[in-house]
Amino acid sequence: MNNDIYNKLHADAYISDNSFENLGQKHTKKLFSVHWELKILLYLGVMLLTAGLGILVYKNIDTIGHQAVLAFIALVSIGSFAYCFKFKPPFSWGKVKAPNTGFDYILLLGSISMVTFIGYLQYQYNVFGLSYGLATFVPMLLLFFLAYYFDHLGILSMAIAALALWMGVSITPKTLLAYGTFNSSEIISTYVVLGLMLLAAAYITQRFDIKKHFKFSYHHYGVHVTFIALLAGYFDRYDTALSVLWIVMLLALAVYIYLDAYKERSFYFILLTILYSYFALSCLLVRLLYALMREGSIYLLLMCFIGSAIGLIFLLINVNKSLKHDDHI
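Residues numbered from 1 in each chain as written. Predicted model: local features only at pLDDT ≥ 70, side-chain atom pairs only at ≥ 80, totals over all residues. Heavy atoms only, no water.

Below, the discussion takes up the nonpolar core. Counting residues in hydrophobic clusters, the biggest one holds 62 residues, and the most contacted among them are F144, L156, Y218 and F227. Of all the elements, helix α11 (residues 215–236) adds the most residues to this core, at 9 residues. Setting aside its immediate chain neighbours within four residues, L156 contacts F144, A147, Y148, F214, S217 and Y218. (Core = buried A, V, L, I, M, F, W, Y, C linked by side-chain atoms within 4.5 Å. Buried < 20%, exposed > 50% of the residue type's maximum accessible area, 1.4 Å probe, protein only. Helix = DSSP H or I, 4+ residues; strand = E, 2+ residues; numbered from the N terminus. Contact = heavy atoms within 4.5 Å.)

What follows deals with helix α7 (residues 132–150). For α7, which comprises 19 residues, the first-to-last C-alpha distance of 28 Å matches the rise-based estimate of 27 Å (1.5 Å per residue) to within 8%. Residues A135, P139, M140, L143, F144, L146, A147, Y148 and F150 constitute the buried set of α7. The secondary structure elements touched by the buried residues of α7 are α5 (66–87), α6 (103–125), α8 (153–166), α10 (185–207) and α11. At the C-terminal side of α7, D151 shows a positive phi close to 60°. (Expected span 1.5 Å × (residues − 1).)

The next subject is the pattern of salt bridges. For side chains bearing opposite charge, pairing can occur when the charged atoms are close. If you walk through the whole model with that rule in mind, you get 3 salt bridges. For the salt bridge of D151 with K211, the shortest nitrogen-to-oxygen distance reads 3.4 Å. Here D151, found in the loop between α7 and α8, pairs with K211, found in the loop between α10 and α11; they are 60 residues apart in sequence, far enough to count as distant. When its relative accessible area of 0% is taken as the criterion, K211 is described as buried. Across the pair R237 and D236 runs a salt bridge, and its minimum N-O distance is 3.9 Å. (Salt bridge = Lys/Arg side-chain N within 4 Å of Asp/Glu carboxyl O.)

Let us look at helix α12 (residues 243–264). Spanning 22 residues, α12 covers 32 Å between terminal C-alpha atoms, matching the ideal 32 Å at 1.5 Å per step. Every buried residue of α12 is accounted for by S243, W246, I247, L250, L253, A254, I257, D260 and A261. Mapping the buried residues of α12 onto a view down its axis gives an arc of 145°, with all of them on the same face. In α12, the exposed positions that point more than 90 degrees away from the buried face belong to L259 and K263. At its buried positions, α12 is contacted by α10, α11 and α13 (267–292). R265 lies just past α12 and shows a positive phi near 60°. (Arc of directions from axis to C-beta.)

None of this, on its own, says anything about what the molecule does.
Structure (structure tokens):
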């Protein structure tokens, strides 16, 4: 509130006492942003719409017919993409803002409908035959194209998940726990390759300034997938001496992730690196004490864990202070 102007108008009797008081109260109250609340509601709306349509189709498939369902899904997808292509902003390798609030959600609806259409087509009519890799490769390419063309982080996450499916893995922990496929050496190796590919994509994205803001998504999935896969490789080869090499690779990767995170001032990735490294070193410590199996080893192990946990807390506090101190300089 510009007090000088309002005070002058009030003093000259152009503004009444009541209006002057109301203006003062209005300008002293801070506005409350509902930006994220609206975005969450819009995302939930798209998810509930697609889920509701899926349930409706499932319960009435015998009445509606497969061709009608496919036609409806295709119309939803085509209509969404037609709107997005018509109103999209010019393409850029930098960050591009959506032209309006609903644009991102219409694009998301179109992408989900497209993936559903391709999956339904393969399931019902087996259009790709036994080439299941092709059935996942095509939507993966389309999702990556849409993510870059329209600059959409949500679709990029869908594309990364499609990449994982194409490589024969699933990022969903529920699937791993339900089917127990993570003990397979082939699956573990695939996870390692997938994680390294995502980390490489994160590096290339920033190094060559290709949608630089996509780096976090690639880095986020890459860090988790690679660290978990390396730990799984260690436990899979636990009875052999070569199992330690998995921990060595994990610690080498941790050094790279830590240095990159410190350079980018990202406490989140520093936290992940320290926690995964702590878990890996704890595994080695437990293995060493188990091999010794001397009296009192269990008490020594408990003391080590208590002491290291305290040290870990102080380390994270000091790292966080260091990052904030460097930001102020």
